[in-house]
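# A structural walkthrough
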Amino acid sequence: MASVTSATSVPPRAGELTSGLRGFREVQRLAYACAEAVAAQLRPGVTERAAARMQREWLRERGVRDWFHLPFAWFGDRTAFTSFRVPLQFFPTGRELAPGMAFILDMAPVHNGYTADIGYSGCLGLNPVHDRLLADLEAHRELILREVRERRPLREIYADVDRLMVRQGYANRHRAHPFGVIAHKIDRVRQRRWSPTLFGFGTQSLKGLASDALHGHRDGWSPLWSPYRFSGHPPQPGLWAVEPHLGFRGTGAKFEEILVVTDSKDPQESAFWLDDDLPHVRRRQEEKAA
């Protein structure tokens, strides 16, 4: 699905999705179910490598054979990407989980040709700083949706997210990502019997992203949502994996989920989060209800 047009767009509260969007929602829910299942098994002494392996095995048992990227896990100050300078530092390490330590599980499975890329933030026990980070992420989810519906240039929305983080007293940690991206475009992936990876990324997905980059460069847009000049264009119709990432004194938290952008003239239909039944959304709803 190279783009989502008004013919397939739906309001965010509509009861039914197109078959294509349902496929993306199903794999996103599968990934979040994996994150919750693995998080429930984490104990002191578990390493990042073990947590990443648990995600891979859980998803493979449920039919996943291809990836946008293999699962990651970050513990402690690595959740804030402390001192990350080169891509190899993102890969899981022997860092062990300890009581009160924050963690992030991040995975991007491809299932039945549909892609998801999710980030799940948790903590082993009590950590008030982490709780506050999770609560303050809600404002970023609202800001991003509102400004995408306003068709603001991606680069300007990125800057507004930055300013909100500063007002909240946090550091922008998605700026540590390659190219400083807060989001990237995702798409359908052709299923193959053999699905190799390269530096942790699925080659089929990398080809799709490269194709989008090539076509986008020709037409004046980029599949990467960054603070740089190449993202100085309005949101391109399609599916975007969005991940605002807050950091505070060695603790980081983020969510990552799919944002649907269409070319509809109706603001409500022009952009919407694919699914509101996700752990970080339910957590905030439960807190408000309480």
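Our subject in this report is the structure included herewith. Everything numeric in this text was worked out from a predicted model, so none of it was measured.

## Re the state of the cysteines
- One pass over the full model with this rule turns up 0 disulfides.
- No disulfide involves Cys34; its nearest neighbouring cysteine sulfur is the one of Cys123, lying 19 Å away.
- Look at Cys123 and you get partly exposed, because its relative accessible area is 21%.

## Examining empty space enclosed by the protein
- The final tally for this structure, using the stated rule, is 1 cavity of 30 Å³ or more.
- Computed from the structure, the largest cavity encloses a volume of approximately 40 Å³.
- Surrounding the largest cavity, Tyr32, Gly119, Tyr120, Ser121, Leu134, Lys254, Phe255, Pro279, His280 and Arg283 form its lining.
- Mapped onto the lining of the largest cavity, the elements with two or more residues apiece are strand S4 (118–123) and helix H7 (279–289).
- Looking at the lining of the largest cavity residue by residue, the classes come out as 5 nonpolar, 3 polar and 2 charged.

## Section: the packing of helix H1 (residues 19–41) against helix H2 (residues 48–60)
- Two elements in contact, H1 and H2, have axes separated by 10 Å at closest approach and are oriented at 135°. When the axis of H1 is compared with that of H2, the two are oblique. In the crossing of H1 with H2, the sense of the turn from one axis to the other is right-handed. Where H1 abuts H2, its residues Leu30, Ala33, Cys34, Ala37, Val38 and Gln41 lie against Ala51, Met54, Gln55, Trp58 and Leu59.
- Its residues placed into classes, the contact of H1 with H2 shows 9 nonpolar, 2 polar and no charged.

## Some thoughts on the environment of Glu256
- The topology assignment puts Glu256 in the loop between strand S12 (251–254) and strand S13 (257–261).
- Since its relative accessible area comes to 0%, Glu256 is described here as buried.
- Linking Glu256 and Leu164, residues 92 residues apart in sequence, is a C-alpha distance of 18 Å.
- Once you skip the residues sitting within four places of it in the chain, Glu256 turns out to touch Tyr32, Asp106, Asp117, Ile118, Gly119, His184, Ala241, Val242 and Glu243.

## So, a nonpolar patch on the surface
- A cluster of nonpolar side chains, contributed by Phe179, Tyr228 and Phe230, occupies part of the molecular surface with about 320 Å² of accessible area.
- Here Phe179 is to be found in the loop between strand S5 (171–172) and strand S6 (183–186).

## Focus on the side chain of Gln55
- Among the structural elements, Gln55 can be located in helix H2.
- Within polar-contact distance, the side chain of Gln55 engages the backbone oxygen of Phe72 at 3.1 Å.
- With sequence-adjacent residues up to four places away left out, Gln55 is seen in contact with Cys34, Val38, Pro71, Phe72, Ala73, Leu105, Asp106 and Met107.

About the criteria used
Counting restarts for each chain: residues are numbered from 1 in the order of the written sequence. With pLDDT at 70 or above as the cut-off, local features in this predicted model cover only qualifying residues; side-chain atom pairs require 80 or more to be listed or tallied, and sums for whole chains, interfaces and linings still use all residues. Note that water and hydrogens are dropped before the side-chain values are worked out from all heavy atoms of the structure. Cysteine sulfur atoms that come within 2.5 Å of each other are treated as a disulfide pair. For each residue, the accessible area found with a 1.4 Å probe, counting protein chains only, is set against the maximum for its type, and the residue is called buried under 20%, exposed over 50%, and partly exposed in between. Definitions used throughout: a 1 Å grid over protein atoms alone; a cavity as a set of points that fits a 1.4 Å probe which cannot get out; a pocket as an open set with protein on both sides within 12 Å along at least five of seven lines; a lining residue as one with an atom within 4 Å of a point. Grid points are joined across faces, edges and corners, and a volume is the space filled by probe spheres set on the points. Secondary structure follows DSSP: runs of H or I at least 4 residues long count as helices, runs of E at least 2 residues long count as strands, and numbering of each begins at the N terminus. We call Asp, Glu, Lys and Arg charged. Ala, Val, Leu, Ile, Met, Phe, Trp, Tyr, Cys and Pro are nonpolar, and the rest, Gly among them, are polar. Structural elements are reduced to axes, namely lines fitted to C-alpha atoms, with helices fitted over the stretch in contact, and the angle between N-to-C directions of any two is expressed from 0 to 180 degrees. Roughly parallel covers angles under 35 degrees, roughly antiparallel covers those over 145, roughly perpendicular covers 65 to 115, and oblique covers all other angles. Handedness of each helix crossing follows the sense of rotation of the near helix against the far helix: counterclockwise by less than a right angle gives left-handed, clockwise gives right-handed. Contacts are assigned to residue pairs with any non-hydrogen atoms lying within 4.5 Å of each other. Patches draw on residues past 30% relative accessible area with no salt bridge. Two like charges within 9 Å are joined, as are two nonpolar side chains (Val, Leu, Ile, Met, Phe, Trp, Tyr) within 5 Å. Note on areas: Shrake-Rupley with a 1.4 Å probe; residue coverage comes only from the protein chains shown. Think of a salt bridge as a Lys or Arg side-chain nitrogen and an Asp or Glu carboxyl oxygen that are within 4 Å of each other. As used in this structure description, the phrase polar contact means that two N or O atoms lie within 3.5 Å; if the pair is within protein, one of them must be able to donate a hydrogen and the other to accept it, and residues adjacent in sequence are counted only when both atoms belong to side chains.

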